[in-house]
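# Structure assessment
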Amino acid sequence: MAVARAVAVAACIVALCARAADDPIPLRPRVVLDYVHHNFDSPQDRQVYVEIESVTPDGITFGQDVHSEGGKVERYRQVMTPAEMARSKTLAFGWGCAGQAVEAEATRGSSRFMASQRLLRLLKEQDDVEIASFYIDGCSPPRPIGGPVGSVGPVERLRVLVNGDSREIPAVHARGRMTRAFEGIDWEFDWWFLDHPDHPWLLGVMGTDVASKRTYRFQLAMVLVPDDAAMGALEAALQGNCEATVYGITFATGSAELTSAARATLDDVAAVLRKHPDWKLTVQGHTDNIGGEKSNQDLSERRARAVKDALVQSRGIPATALDTRGFGLTRPVDTNDTIEGRARNRRVQLIRSCRRQG
């Protein structure tokens, strides 16, 4: 039975586990999960980009860029096996620190960035389910914590941005208390998982330290789904509307440093410009409101210049085809009061010279 189940799960992985054409978070290569870690005693949204690098019968490989203060970038990879995806009761999520391997021995046997299929099923069938995760303080090694959780009411609808478009997706909400008694670790948690039998992605978790009342939230703000027609859609938008909003150009938190996940979108932009050598674009940078007006204005200008530099220096686009401009926090397209709203405001826009600048 166990062997048959493992074969079935591997077959599901090869088939990309997609049961519906409108699956909001497909399990396939190059999909990027844009998580935000937000401590409620600090205004910063720390972005954690998780890219699905490969999906094979051996498992799913996730890649993450980890940025150090000195500007060094390390690529960490985690592999989730079919067995872990099928029946693990332990969930691993988050990020590593530069110089520290994410694939620590302590997290082996865990599902990554999702509940296991078994765990989701139990949450929907039982009142109390034992769940475990990991406690990490700064760059300390992960320490397992666990406890019973139970579902909270019927399936909810959570807002997640998919390629910048707002979607309401079904979520199973669970609540419980997780401890590591001999170290005095005691947290109350709320968990939200995508209500999907094959890949119940982690949509969010909110934790509160019982003693200090410190609270944080780790939330899936946006999903970037690659599309074979993306270049055509970008070209059509620039040709018809003279502008295009591009969410696939992503940066490290509070930085103008482009992430690995941005490469494919930059390649598409370069391909469109090569096809239309007479076009001239203005690259606009936009931010959320965290950090204030002056710092965000500077950040938006540096991000716009970083996009131009990537297109000119690495992709051979003439510098004369591109101008840059930053608008900082002055042109929000969504509320800055929510994690997902701020994620939507952090964006790059491309404006073709056929539209008057303003």
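Whatever comes next refers back to the structure up there.
Below or above, wherever it landed, is the structure these notes cover.

Analysis parameters
Residues numbered from 1 in each chain as written. Predicted model: local features only at pLDDT ≥ 70, side-chain atom pairs only at ≥ 80, totals over all residues. Heavy atoms only, no water. Axes fitted to C-alpha atoms, helices over the stretch in contact; angles between N-to-C directions. Helix = DSSP H or I, 4+ residues; strand = E, 2+ residues; numbered from the N terminus. Parallel < 35°, antiparallel > 145°, perpendicular 65-115°, else oblique. Left-handed = near helix turned anticlockwise from the far one by under 90°. Contact = heavy atoms within 4.5 Å. Nonpolar A, V, L, I, M, F, W, Y, C, P; charged D, E, K, R; others polar. Buried < 20%, exposed > 50% of the residue type's maximum accessible area, 1.4 Å probe, protein only. Pairing = 2+ DSSP bridges.

Moving on, we come to the packing of helix α4 (residues 230-240) against helix α5 (residues 263-275). Relative to each other, α4 and α5 sit at 55°, their axes nearing to 9 Å. The angle between the axes of α4 and α5 places the two elements in the oblique class. α5 is crossed by α4, and the crossing has right-handed handedness. Along the contact surface, α4 presents Ala230, Met231, Leu234, Glu235 and Leu238, while α5 presents Asp268, Val269, Ala271, Val272 and Lys275. Among the residues making up the contact of α4 with α5, the classes are represented as seven nonpolar, no polar and three charged.

At a minimum axis separation of 10 Å, α5 and helix α6 (residues 293-313) run at an interaxial angle of 65°. Classified by the angle their axes make, α5 and α6 are roughly perpendicular. In the crossing of α5 with α6, the sense of the turn from one axis to the other is right-handed. Counting all contacts with α5, which are made through Leu266, Val269 and Ala270, the residues of α6 involved are Val307, Ala310 and Leu311. Looking at the contact of α5 with α6 residue by residue, the class counts come to six nonpolar, no polar and no charged.

Only one face of strand β4 (residues 73-80) is buried: it carries Glu74, Tyr76, Gln78 and Met80, and the other face, with Val73, Arg75, Arg77 and Val79, is open. Judged from the eight bridges that link them, strand β3 (residues 59-67) and β4 form a sheet pairing that is antiparallel. Bridging across to β4, Phe62 finds its partner in Gln78.

On to the sheet that holds strand β17 (residues 347-352). Strand pairing in a sheet relies on backbone hydrogen bonds, with the paired strands running either antiparallel or parallel. Strand order in the open sheet made by the four strands is β14-β17-β15-β16, with mixed pairing throughout. Since the sheet does not close on itself, it has two edges, and those belong to β14 (243-246) and β16 (322-328), each with one partner. Mean inter-strand twist for the sheet, computed between neighbouring axes without regard to direction, equals 20°. Relative to β17, β14 runs antiparallel, the two sharing four bridges. Across the sheet, Ala244 pairs through a bridge with Leu350, a residue of β17. Running over the sheet, α4 touches β14, β15 (281-286) and β17 and is turned about 140° from β14.

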